[in-house]
Amino acid sequence: MTLPRVRACGWVAAAKAAQRRHQAEGAGGPRCPAPRSQRASLYIHWPYCEKRCGYCNFNKYIPRGVEEAAVRSCLVTEAQTLLLLSGVRRVESVFFGGGTPSLASPHTVAAVLEAVAQAAYLPADAEVTLEANPTSSAGSRLAAFGTVGVNRLSIGLQSLDDAELQLLGRTHSASDALRTLAEARHLFPGRVSVDLMLGLPAQQVGPWLGQLQELLCHCDDHVSLYQLSLERGTALFAQVQQGALPAPDPELAAEMYQKGRVVLREAGFRQYEVSNFARNGALSTHNWNYWQCGQYLGVGPGAHGRFLPQGAGGHTREARIQTLEPDNWMKEVKLFGHGTRKRVPLGELELLEEVLVMGLRTDLGITHQHWQQFEPQLTLWDVFGTSKEVKELLEQGLLLLDHRGLRCSWEGLAVLDSLLLTLLPQLQEAWQQRISTLVPRG
Ligand code: SF4
């Protein structure tokens, strides 16, 4: 295979020129002339890590060695195949996640971007994010990723306390994390995100808030807060089960979250999603597409996608899951061009439930126009406007339903799961009523 580097650098040069143009013009609204069915985001899964973190149940593998050329070739092939099957003409954003994609070589990232740019239109200023772990991300390596087209980094910092990092089984220290963050900000100013975890065993609110305050002295314009979820099969789960560690306290975690979001708000961050905070407009457009129920293609072992297989004559959006285990996935990609293990057609109601659940995660919620794109017959007023239970949520100030659409208040966003217990059955009921009016009477 010829090296795609020269062409990828051509794509990068065009990307930089477009970014300058975009900044000079002032960032406007969405510029997306292609129909929804021809647009998608692309998720690329790099399944390998250096070491298993104690809390992690993601689809990742700790290999003795990686045959990177073979993996690269399969990622390229699968991206090309899925673009063809989907009929997607415009790729809005690309996200390299994992696993630890910062362990992949920049050459692999370049090859995938080049393949995408050849198979579809990849705008020169499309967001291209790479997840990076502090230990696998020396400055020179990060710079090399920038050279091949990555323009945003998401750093798995997780904690600024060395004892907590050890407990989590991370391979980096707090000073590694801060050094990587400084290098990343130097290379990708305004486009660096950091993850901070909360709700660890024995973690207390005050010290955690101290970490968040320290992070604010060093971070860029995007922060994600994630609550530790204790997953069966992980080392941390076993330690808690055996009594070696205390179980995380959900009430303390809720307090950390509440106080953390206030701290971030006071520091000028907009909580644009349940776990995500941005200032200076530095929202993740890739993730925003998930919450808007836009199409996305998932490439790589265990990757998930949701798209209408228009290029293959499909008429219904499908959830697609790629084969989990990397060697099996590669065999399938070599045989069939893709390693899709499961395809589940999404019914109309299922899609609407996703629009509701995902949309309410954001501060904008679901606008009437957005809802109508998925359901032109039944309005948000029809579904939620007459329900007594919904009225109570509106009166409690947890929810808003008005000329803009349906959304959570600041208070409501923190208890979204409990609101959905009311909203989802309401949608199901309204849908059933609508269907029953369509059934011809005998
Ligand atoms: S680096 Fe990320 S994906 Fe890999 S084991 Fe740790 S948490 Fe899991």
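Where an unreviewed UniProt entry is consulted, the chain appears under the name Radical S-adenosyl methionine domain-containing protein, with the organism given as Trichechus manatus latirostris. Turning to the chain, the UniProt annotation filed under Sequence similarities (unreviewed entry) states: "Belongs to the anaerobic coproporphyrinogen-III oxidase family. HemW subfamily." Comment text from UniProt for the chain, heading Function (unreviewed entry), reads "May be a heme chaperone, appears to bind heme. Homologous bacterial proteins do not have oxygen-independent coproporphyrinogen-III oxidase activity. Binds 1 [4Fe-4S] cluster. The cluster is coordinated with 3 cysteines and an exchangeable S-adenosyl-L-methionine."

(A) Quick peek at helix 12 (residues 348-359). Compared with the 16 Å implied by 1.5 Å per residue over 12 residues, the 16 Å span of helix 12 between its first and last C-alpha is a close match. Among the residues of helix 12, L352, V355, L356 and G359 are the ones counted as buried. When helix 12 is viewed along its axis, its buried side chains cluster within an angular range of 95 degrees and face the same direction. Next to the buried residues of helix 12 lie helix 10 (285-291), strand 13 (366-367), helix 13 (368-374) and helix 17 (416-438).

(B) A look at the UniProt feature "domain: Radical SAM core" (unreviewed entry) in the chain. In this numbering, the UniProt entry assigns the feature "domain: Radical SAM core" (unreviewed entry) to residues 34-270. The span residues 34-270 is 43% helix and 19% strand, and its two end C-alpha atoms sit 29 Å from each other.

(C) Broad picture of the domain arrangement of the chain. If you check the domain split of the chain, you get domain 1 (10-22 + 34-289) and domain 2 (367-438). Each of domain 1 and domain 2 has a C-alpha centre, and these two points are 32 Å apart. Residues that form the side of domain 1 that touches domain 2 fall into these classes: 2 nonpolar, 2 polar and 1 charged.

(D) Examining unusual backbone geometry more closely. Cis rather than trans, the peptide bond between G98 and G99 has omega equal to 25 degrees. Within the fold, G99 resides in the loop between strand 2 (90-98) and helix 3 (106-119). In the Ramachandran plot, Q158 falls in the positive-phi region, its phi being about 70 degrees despite a non-glycine side chain. Assignment of secondary structure puts Q158 in strand 4 (residues 152-158). Taking the C-beta count within 10 Å as the criterion, Q158 has 24 such neighbours and is therefore assigned buried. A positive phi angle, near 55 degrees, is found at N280, a position not held by glycine. With respect to the element layout, N280 can be found in the loop between strand 8 (276-278) and helix 10.

(E) The arrangement of the sheet that holds strand 13 in detail. In spatial order, the strands read 13-15-14; together these 3 strands make up an open sheet with antiparallel pairing. Looking along the sheet, the strands with just one partner apiece sit at the ends: strand 13 and strand 14 (399-401).

(F) Structural detail: the pairing of strand 3 (residues 127-132). Judged by how many residues are buried, strand 3 sits mostly within the fold: 6 of 6 residues are covered. Across the two faces of strand 3 the burial is the same, with E127, T129 and E131 and V128, L130 and A132 all buried. Of the pairings in the sheet, the one linking strand 2 to strand 3 comprises 4 bridges and is parallel in character. Paired with F95 across the bridge in strand 3 is T129. Between the parallel elements strand 2 and strand 3, the chain passes through helix 3 in a crossover that is right-handed. A crossover links strand 3 with its parallel partner strand 4, the connecting element being helix 4 (residues 139-147), and its sense is right-handed.

(G) Examining helix 7 (residues 205-218) more closely. In this model helix 7 runs 20 Å from its N-terminal to its C-terminal C-alpha over 14 residues, within 8% of the 20 Å that 1.5 Å per residue would give. Every buried residue of helix 7 is accounted for by W208, Q211, L212 and L215. Down the axis, helix 7 shows its buried residues gathered within 100 degrees of arc, on one side only. The exposed residues of helix 7 that point more than 90 degrees off its buried face are G206, P207, Q213 and C217. Against the buried residues of helix 7 lie strand 5 (192-198) and helix 9 (250-266).

(H) Structural detail: the site of the ligand. Close to the ligand lie C49, R52, C53, C56, F58, K60, G98, G99, T100, N133 and G156, which account for all nearby residues. Broken down by class, the residue content of the shell around the ligand amounts to 4 nonpolar, 5 polar and 2 charged.

The rules behind each value
For every chain, the first residue of its written sequence is number 1, and the numbers climb from 1 along that sequence. Since the coordinates come from a predicted model, pLDDT governs what is reported: local features require at least 70, and pairs of side-chain atoms require 80 or more to be given and counted, while whole-chain, interface and lining totals use all residues. UniProt positions are given in the numbering used here, feature names are shortened, and annotations may be inferred rather than shown by experiment. Strands here mean DSSP runs of E at least two residues long; helices mean DSSP runs of H or I at least four residues long; both are numbered from the N terminus. Residue count minus one, scaled by 1.5 Å, sets the expected span of a helix. Partly exposed residues are those falling between the two cut-offs: more than 12 but fewer than 20 other C-beta atoms within 10 Å of their own, whereas 20 or more means buried and 12 or fewer means exposed, with C-beta atoms placed from the backbone. It is the directions from the helix axis to the C-beta atoms that the arc portrays. Once C-beta atoms have been placed from the backbone, residue pairs whose C-beta atoms lie within 7 Å are recorded as contacts. Just so you know, the domain bounds were taken from an automatic or database domain assignment. Three classes are used, and their members are as follows: Ala, Val, Leu, Ile, Met, Phe, Trp, Tyr, Cys and Pro are nonpolar, Asp, Glu, Lys and Arg are charged, and the others, Gly among them, are polar. Pairs of strands are assigned from DSSP output, requiring at least two bridges between the strands. The handedness rule is simple: strands pointing away from the viewer, and a clockwise path from the first strand over the helix to the second, make the crossover right-handed. All residues are tested the same way: a C-beta atom is placed from the backbone, and lying within 6 Å of a molecule or strand makes the residue near it.

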